[in-house]
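# Coordinate analysis (summary)
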Amino acid sequence: MAGIKALVGLSFSGAIGLTFLLLGCALEQYGVYWPLFVLLFYILSPIPTFISRRVSDDTESSNACRELAYFLTTGIVVSAFGLPVVLARTNMIKWGACGLVMTGNAVIFLTILGFFVIFGGGDDFSWEQW
């Protein structure tokens, strides 16, 4: 039952993060949908970690594959936070929309991190069962 509660909590926080992202796009005073390109970063961010966990067998020690995955994931996350700032600096979006998108980014990436912390341990509630 604890796995179900964690999954419901993660889905709720993901919905809140997406709400912030959509508010940054769809509110009448902002009205520009360029920030939706961060959805691509949300999709790409867990892929290096999925691949490194599938390839490497050792979960305790660090190895080159896992370190490369952490490096690529960090680059993707930093890019997701940088895109709204670049769009706001070029006046394609307003700074209020940038703030809402950055808040949504923080919530979504914490949700993705929570998913790996809760379901990545290889115990009864492993994501590998899905």
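Residues numbered from 1 in each chain as written. Predicted model: local features only at pLDDT ≥ 70, side-chain atom pairs only at ≥ 80, totals over all residues. Heavy atoms only, no water.

In the nomenclature of an unreviewed UniProt entry, the protein corresponds to Leptin receptor gene-related protein from the organism Parambassis ranga. What UniProt records for the protein under Sequence similarities (unreviewed entry) is the sentence "Belongs to the OB-RGRP/VPS55 family." (UniProt positions renumbered as here; feature names shortened; annotations may be inferred.)

Before going further, it helps to spend a moment on the packing of aromatic side chains. Aromatic rings considered in pairs are described by the distance between their centres and by the relative angle of their planes. Scanning the entire structure with this criterion turns up six aromatic pairs. Taking the centre distance of 5.4 Å and the plane angle of 80° together, the rings of Tyr-42 and Phe-109 count as edge-to-face. A residue pair is termed long-range when its members are at least 10 positions apart, and Tyr-42 in helix 2 (residues 38-44) and Phe-109 in helix 5 (residues 95-119) qualify at 67 residues. Residue Tyr-42 shares its accessibility class with Phe-109, and that shared class is buried. Ring geometry for Phe-50 and Phe-116: centres 5.2 Å apart, planes at 55°, overall tilted. (Phe/Tyr/Trp six-rings, centres within 6.5 Å; stacked < 30°, edge-to-face > 60°. Helix = DSSP H or I, 4+ residues; strand = E, 2+ residues; numbered from the N terminus. Buried < 20%, exposed > 50% of the residue type's maximum accessible area, 1.4 Å probe, protein only.)

All right, on to the environment of Val-85 then. Inspection of the secondary structure assignment puts Val-85 in helix 4 (residues 64-89). Take Val-85: its relative accessible area is 29%, and that puts it in the partly exposed class. With 13 residues separating them along the chain, Val-85 and Cys-98 place their C-alpha atoms 6.4 Å apart. If near-sequence neighbours (up to four positions away) are discounted, Val-85 is found in contact with Trp-95, Cys-98 and Met-102. (Contact = heavy atoms within 4.5 Å.)

A few words on the side chain of Ser-52. Along the chain, the position of Ser-52 falls in helix 3 (residues 47-55). A polar side-chain atom of Ser-52 sits 3.1 Å from the main-chain carbonyl oxygen of Thr-49. Residues contacting Ser-52, with those up to four places away along its chain left out, are Cys-65, Arg-66 and Ala-69. (Polar contact = N/O pair within 3.5 Å; in protein donor to acceptor, adjacent residues only side chain to side chain.)

Looking at the element boundaries, Thr-111 is found in helix 5. By relative accessible area, which is 12% here, Thr-111 ends up buried. For Thr-111, the residues in contact, after removing those within four places along its chain, are Leu-10, Ser-13 and Gly-14.

This paragraph deals with the packing of helix 4 against helix 5. Running from N to C, helix 4 and helix 5 point in directions that differ by 175°, and their axes come no closer than 9 Å. If you check the angle between helix 4 and helix 5, you find them roughly antiparallel. Here Val-77, Ala-80, Phe-81, Pro-84, Val-85, Ala-88 and Arg-89 of helix 4 come into contact with helix 5, specifically with Trp-95, Cys-98, Val-101, Met-102, Asn-105, Ala-106 and Phe-109. Taken together, the residues of the contact of helix 4 with helix 5 break down into 12 nonpolar, one polar and one charged. (Axes fitted to C-alpha atoms, helices over the stretch in contact; angles between N-to-C directions. Parallel < 35°, antiparallel > 145°, perpendicular 65-115°, else oblique. Nonpolar A, V, L, I, M, F, W, Y, C, P; charged D, E, K, R; others polar.)

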